[in-house]
Structures are given as structure tokens and as C-alpha cells.
Amino acid sequence: MAIAAPILEARDLTKRYAFGDTTVDALRGVSLTVQPGEFVALMGSSGSGKSTLLHILGGLDKPTSGEVVLGGETISGLGDDAATRLRRDRTGFVFQFFNLIPLLDAAENVGLPFTIAGQDPRNGEAADRIRDVFELVDLGGKEHHRPDQLSAGEQQRVAIARALVNRPSIVLADEPTGNLDFTTGGEILEALWRSCAKRGQTIVLVTHDAKAAAYADRVEVIQDGVIRDEIVLGRRDDHAAAPLIARLAQLGL
Ligand SMILES: Nc1ncnc2c1ncn2[C@@H]1O[C@H](COP(=O)(O)OP(=O)(O)O)[C@@H](O)[C@H]1O
Ligand SMILES: [Mg+2]
């Protein structure tokens, strides 16, 4: 099988936080490669280093040592301005709390990346892209609702649409279902899944939940700041968690 150039490569990342007069080693040598179009889950318990890793992968934070190469460019060494630009152009983030702007309607929230870039999101290519992502996250007809006029699951799908609208090289999602009930969490995962299956969107999903991780092609199990195991699930239309849970049990997790 031909191997495409990876979209993301992390090499031997460490992260040490200074905390009072002690230090915390949140990452202790993490290497990871993500191919274009892959859906990868980083799974681990609370405090295992998932958010730290995701933030460093997306250039929101810098490693203490090691490097991150995104689309052939080393982001871990860039200055703040260059890192911000690369992040804006190449990555889409989804967080546990949706971070929508309350006074803007759903379409205006999704159009923010265009507005920030000085384009009018109501016309031309930007408007086409906004329409496309609303359809993808199954929110057609809700364009003019403000966040307080949407359910929690709908708000998170607006946040996903906003992350997707720029067609980023990679979407990085940190516990996007962590604040939602089971059924609503399923809608979020389905929306991310569709972006991967239908648009070839590359996704890295951080989660502590096997039911969420079961959507991925591959699960990297992170524990105490290292990747302890890799579980390859392959691309499946059914996202039953049972096979993943069985593998985790075999590994004693
Ligand atoms: N800004 C920070 N300062 C000090 N310690 C931190 C900071 N952020 C995270 N940590 C510590 O690093 C470890 C990993 O945290 P985190 O990446 O948030 O884990 P997870 O997302 O898996 O719950 C934890 O021990 C956490 O307390
Ligand atoms: Mg976290």
C-alpha cells in the first residue's frame, strides 16, 4: 500500500509544567503520525495528558522538547504570529464548551473565520461553504438561531461547522461530547464522522469515553504522558464500542 505524506507528525514530545515549586511532566515522549483522511482517537483517563498533547499538536501551546510537523511545516518552532496564522489556516478546534458568540446567530458564528479574514460570509464562496457545512452537521434551517435558541447538541454542531468551514488540514476535538448526554453526544460524533467519511476530513479526537473513541479508525491509548497502546479498528460504518472495549479489557485497561 502506498503511504501518503503524513498530514501531522509529532516527534518525541515532552511537556513539563512548572507548578509552584514543583514540576509536572504531562508528556514524556510522545510520537504520533496522522495520515490524510484518518480519524484518530487519543483515549485516556483524566490527567493522562490528552489536552496537553492536542494543544501542542494544534500549535496552541509549545512542547518542552520534540517537534510537531503539520502539512510539512514545523509548527513547534514558529514564533507566535506565524503559529497563529498556521493554526488559523490549517486547523479547526472543537472544545468541550462550545465557545460560541452569544450575540451572533449560528451562520454568523460559523462565518467568523471568514469575517476575521476580512471576507463577507454572506456572499460568494464563503456563503457556499457555510451552506455546505450546515448541511453536513444536519443544521439546515437553524442558520438564524442564536446560541440561546439552540439545544446543547445543536450548539456543539455549530461549533463543529465553524471548525470545518475553512476546510482545515486537520480538526482537533477535545472531549466534544463531554458536556452532553449520551444521545446528544451521538449526534456530535455522527457529525464528525460524516465530515471524515464524506469530505475526507482528517480528525484527531480526544476522549476518555470508549463509545466516542469507537468512531475512530485507530485509537491511541495515552497513560501518564506516554502512548501506551495502539488499537487499530479500521474504517467501519457501524461504530459499536464492543470490539474496542474488548481490546481495552485484553490490555488490562
Ligand atoms: N497549565 C498547567 N500547569 C500545571 N500543570 C498542568 C497544566 N495543564 C495541565 N497540567 C497537568 O498536566 C497533566 C495532564 O493534564 P491534561 O493534559 O489536561 O490531561 P487530560 O486532558 O488527559 O485530562 C495533569 O497532571 C495536569 O494536572
Ligand atoms: Mg483534557
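Coordinates for the structure precede this section.
Quick notes on the rules
Residues numbered from 1 in each chain as written. Chains lettered and ligands numbered in written order. Predicted model: local features only at pLDDT ≥ 70, side-chain atom pairs only at ≥ 80, totals over all residues. Heavy atoms only, no water. Patch = residues over 30% accessible without salt bridge, like charges linked within 9 Å, V, L, I, M, F, W, Y side chains within 5 Å. Areas by Shrake-Rupley, 256 points an atom, 1.4 Å probe, with all protein chains shown as cover. Salt bridge = Lys/Arg side-chain N within 4 Å of Asp/Glu carboxyl O. Helix = DSSP H or I, 4+ residues; strand = E, 2+ residues; numbered from the N terminus. Pairing = 2+ DSSP bridges. Axes fitted to C-alpha atoms, helices over the stretch in contact; angles between N-to-C directions. Contact = heavy atoms within 4.5 Å. Expected span 1.5 Å × (residues − 1). Buried < 20%, exposed > 50% of the residue type's maximum accessible area, 1.4 Å probe, protein only. Parallel < 35°, antiparallel > 145°, perpendicular 65-115°, else oblique. Left-handed = near helix turned anticlockwise from the far one by under 90°. Nonpolar A, V, L, I, M, F, W, Y, C, P; charged D, E, K, R; others polar. Near = heavy atom within 4 Å. Polar contact = N/O pair within 3.5 Å; in protein donor to acceptor, adjacent residues only side chain to side chain.

Draft legend 1. Examining a nonpolar patch on the surface more closely. A cluster of nonpolar side chains, contributed by Y17, F19 and V24, occupies part of the molecular surface with about 290 Å² of accessible area. By the secondary structure assignment, Y17 is in strand β1 (residues 8–19).

Draft legend 2. Layout of the sheet that holds strand β5 (residues 73–74). Here 4 strands make up an open sheet; going across it, the order is β2-β1-β4-β5 and the pairing antiparallel. At either end of the open sheet lies a strand with only one pairing partner, and these are β2 (22–34) and β5. Bridge analysis of strand β4 (residues 65–70) against β5 gives 2 bridges, and the strand direction is antiparallel. Its bridge partner being in β5, V69 is matched across the sheet by T74.

Draft legend 3. Region of the structure containing the sheet that holds strand β7 (residues 170–174). Strand order in the open sheet made by the 6 strands is β6-β7-β8-β3-β9-β10, with mixed pairing throughout. Strand pairing shows two members of the sheet lacking a second neighbour, β6 (91–94) and β10 (226–232), which therefore form its edges. Sheet twist, expressed as the mean angle between neighbouring strand axes with direction ignored, is 20°. Summarising the sheet, β7 and strand β8 (residues 202–207) pair through 5 bridges and their orientation is parallel. Of the residues in β8, the one forming a bridge with V171 is I203. Helix α6 (residues 152–164) rests against β6 and β7 of the sheet, and its axis sits at about 170° to β6. Contacts from helix α7 (residues 182–199) reach β3 (39–43), β7 and β8, with the element oriented near 155° to β8.

Draft legend 4. Representation of helix α5 (residues 124–136). Along its 13 residues, α5 runs 19 Å from first to last C-alpha, staying within 8% of the 18 Å computed at 1.5 Å per residue. Taken together, the buried positions of α5 are A126, A127, R129, I130, V133, F134 and L136. Count one or two residues on from α5 and you reach D138, which has phi positive near 65°.

Draft legend 5. Region of interest: the packing of α6 against α7. The contact between α6 and α7 brings their axes to 9 Å, and the two run at 20°. When the axes of α6 and α7 are compared, the pair comes out roughly parallel. For α6 against α7, the interelement crossing comes out right-handed. For the pair α6 and α7, the contacting residues are G153, Q156, R157, I160 and L164 in the first and T184, E187, I188, A191, L192 and S195 in the second. Broken down by class, the residue content of the contact of α6 with α7 amounts to 5 nonpolar, 4 polar and 2 charged.

Draft legend 6. Region of the structure containing the site of ligand 1. Close to ligand 1 lie Y17, F19, V24, A26, S45, S46, G47, S48, G49, K50, S51 and T52. Taking G47, its main chain carries an N or O atom lying 2.7 Å from an oxygen atom of ligand 1. The separation between an oxygen atom of ligand 1 and a polar main-chain atom of G49 is 3.1 Å. Coverage of ligand 1 by the protein chains reaches 63% of its 560 Å² of free accessible surface. Counting only elements with at least two residues in the shell around ligand 1, the list comes to β1, β2 and α1 (50–57). Counting residues per element, the shell around ligand 1 draws most heavily on α1, which supplies 3 residues. A class-by-class count of the residues in the shell around ligand 1 yields 4 nonpolar, 7 polar and 1 charged.

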